[in-house]
Amino acid sequence: MTFTPAMGVVLGGAGLLALSACAVTTQVDALQPVAGDAVTGVTVAAADVLISQGVAIKVVPVCRFGSGRYVCSGETMSGDKIRITAEGEDPQTMRVMVADEPVYTGSIDEVLTRAARR
């Protein structure tokens, strides 16, 4: 087989496409928490929700597991309490409250996936 310049362009383009796909996958994987680390998933998802809602955070919520659920507590710059709850050892959903007002109730995985695609 004889190598032609046109073949080089095609092969080069295919290589760039493959590298681009790998880079996107790597970025998505890097933003997702380590498998099995539910507290990390809750913490990262909660922070993303708060930031995307424009909440000015003074004390980043710290999450703890007890009595079958995760509870995270923090504070806004204006002194309002931030509270996040997620039920179970491997929670699928969470509720984010700021000053006793719901900011988000829904899937943790959807928040992480959306953040990874930005």
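The coordinates are above.
Okay, so let's go over this structure.

Parameters at a glance
Residues numbered from 1 in each chain as written. Predicted model: local features only at pLDDT ≥ 70, side-chain atom pairs only at ≥ 80, totals over all residues. Heavy atoms only, no water. Core = buried A, V, L, I, M, F, W, Y, C linked by side-chain atoms within 4.5 Å. Buried < 20%, exposed > 50% of the residue type's maximum accessible area, 1.4 Å probe, protein only. Helix = DSSP H or I, 4+ residues; strand = E, 2+ residues; numbered from the N terminus. Contact = heavy atoms within 4.5 Å. Arc of directions from axis to C-beta. Polar contact = N/O pair within 3.5 Å; in protein donor to acceptor, adjacent residues only side chain to side chain. Pairing = 2+ DSSP bridges. Axes fitted to C-alpha atoms, helices over the stretch in contact; angles between N-to-C directions. Disulfide = S-S within 2.5 Å.

A separate point is the nonpolar core. Among the nonpolar cores identified, the biggest contains 20 residues, and Val-42, Ile-84, Met-94, Val-96 and Ile-108 are the most heavily contacted of them. Of all the secondary structure elements, the ones that give two or more residues to this core are helix H2 (38-52), strand E2 (69-76), strand E3 (81-87), strand E4 (93-98) and helix H3 (108-117). Among residues more than four places away in sequence, those in contact with Ile-84 are Val-42, Ala-46, Pro-61, Tyr-70, Val-71, Cys-72, Met-94, Arg-95 and Val-96.

Bringing H3 into the picture now. For H3, the complete set of buried residues consists of Ile-108, Val-111, Leu-112, Ala-115 and Ala-116. On an axial view of H3, the arc spanned by its buried residues comes to 130°, and they lie on one face. Turned more than 90 degrees from where H3 packs its buried face, Glu-110 and Arg-117 sit exposed. The distance from a side-chain oxygen at the start of H3 to the backbone nitrogen of Asp-109 is 3.3 Å, and the residue carrying that oxygen is Ser-107.

The strands that make up a sheet pair up through hydrogen bonds in the backbone, lying either parallel or antiparallel. Strand order in the open sheet formed by 5 strands is E1-E2-E3-E4-E5, with antiparallel pairing between adjacent strands. The open sheet has two edge strands, strand E1 (57-66) and strand E5 (101-107), and neither has a second partner. When the angles between neighbouring strand axes are averaged without regard to direction, this sheet yields 15°. Two elements, E4 and E5, share 6 bridges in a ladder whose sense is antiparallel.

What follows deals with the state of the cysteines. All told, the structure shown has 1 disulfide when counted by the stated rule. The disulfide partner of Cys-63 is Cys-72, and the gap between their sulfur atoms is 2.0 Å. Measuring handedness by torsion sign, the sulfur bridge of Cys-63 and Cys-72 sits at about 105° and is right-handed. Exposure remark for Cys-63: the relative accessible area of 14% places this residue in the buried category. Relative accessible area serves as the criterion here: at 0%, Cys-72 is assigned to the buried category.

So yeah, pure geometry; function would need other evidence.
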